Amino acid sequence: MSPDVMPEAQVAPALTDHGDKADRAHSRARAARRRRIVVTASRVLLLVAVLGLWEVLSRAEVIDPFNFSMPSKIWDQIWTWMTHGTALGSLGEQIWYTLYEALLGWVVGVVAGVVFGIALGRITLLADVLGPYIKVLNSIPRIVLAPIFVIWFGLGPASKVASAVVLVFFPVFFNAFQGAREVDRNLVANARILGASDRRVTLQVVIPSATSWIFTSLHVSFGFALIGAIVGEYIGATKGIGLLVAQSQGTFNAAGVYAAMVILAVVALLAEGLLTFAERRIFRWKPTSSDS
């Protein structure tokens, strides 16, 4: 018998084992698809049930339709803004104005949080000196800074960007700081043995290791950026979704307040979807919950 030819007794178990693995993988994929369908359908049914109950109770005046409005009036308000614009201009302009402030504040807050978090995570002396001050600043309710920023920077976008920055900075900072502290010491030691400088260790070992920590904070921080922009606009602005909320409240237009909230929720969900997509592309090597 040629040594290159595998005996039949060995070929059959190998093929059977390969087929079993393929069947198990196919079954897991099919179960994951079914689960996604069930979860999506359940979410849709829950939303429809809540909105339907809200509509019925409002029309029956079990709850006050003036104060609580109803989904149909909220949709009518959104449609009116989409087709006829708002008192401040087109709806798209208001969304873009708020989104611009939130995005700019988010980017500045993320960059500052990552830089300071990595720096303090790497330099113990710097962390010991600045640690108490950062804890004090973090204990301040940052929403109350919004009126101060309006006084400092006026009604323009700068005051809203500042509000977004202070809300974004701290969650990103603490995650980046913790990520820098949790780096595997063996990796750092091996890099130093190979002659890597502090700069190369930080750029090629510490930052990549802390990336998953940083991405975790990005999901929460963009919502904070939107909150900062909206609060700043609510206090004082010339345009934006926050000003729409303030005007709707001033005219006792509950549907307008809810309509603005729905628009913000859609923007936040789209941003969350983009962040999740980017995270999955960057961390393709990480197993997802469906893979386990």
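Just above, that's the structure.
K.L.:
Sorry if this is basic, but what is going on with the packing of aromatic side chains here?
P.N.:
Each aromatic ring pair is summarised here by two numbers: the centre-to-centre distance and the angle between the ring planes. For the structure shown, the criterion picks out 13 aromatic pairs. Note on W106 and F222: the rings are 5.8 Å apart at their centroids and 85° apart in plane angle, and the pair reads as edge-to-face. Taken together, the residues W106 in helix α4 (residues 91-122) and F222 in helix α9 (residues 198-235) connect sequence positions 116 residues apart. Where F173 meets F177, the ring centres are 6.0 Å apart and the plane angle is 20°; that geometry is what we call stacked. With F173 and F177 both in helix α7 (residues 157-181) and four residues apart, this pair spans about one turn of that helix. Taken together, the ring pairs in this structure connect F116, F169, F170, F173, F174 and F177 into an aromatic cluster.

K.L.:
What should I look at first to understand unusual backbone geometry in this one?
P.N.:
When glycine is set aside, most residues are seen to have a negative phi, and most peptide bonds are trans. A positive phi angle, near 55°, is found at S69, a position not held by glycine. By secondary structure assignment, the location of S69 is in the loop between α2 (65-68) and α3 (71-84). Unlike most non-glycine residues, F252 shows phi in positive territory, near 55°.

K.L.:
How should I be thinking about the packing of helix α6 (residues 145-153) against α7 in this particular structure?
P.N.:
The relative placement of two packed helices is expressed as an angle between their axes plus a distance between the axes. At a minimum axis distance of 8 Å, the contact between α6 and α7 shows a crossing angle of 145°. The handedness of the crossing between α6 and α7 is right-handed. Every residue of α7 that contacts α6 at L145, A146, F149, V150 and F153 is listed here: A158, S159, A162, S163 and V166. Partitioned by chemical class, the residues of the contact of α6 with α7 number eight nonpolar, two polar and no charged.

Definitions and limits used
Residues numbered from 1 in each chain as written. Predicted model: local features only at pLDDT ≥ 70, side-chain atom pairs only at ≥ 80, totals over all residues. Heavy atoms only, no water. Phe/Tyr/Trp six-rings, centres within 6.5 Å; stacked < 30°, edge-to-face > 60°. Helix = DSSP H or I, 4+ residues; strand = E, 2+ residues; numbered from the N terminus. Axes fitted to C-alpha atoms, helices over the stretch in contact; angles between N-to-C directions. Left-handed = near helix turned anticlockwise from the far one by under 90°. Contact = heavy atoms within 4.5 Å. Nonpolar A, V, L, I, M, F, W, Y, C, P; charged D, E, K, R; others polar.

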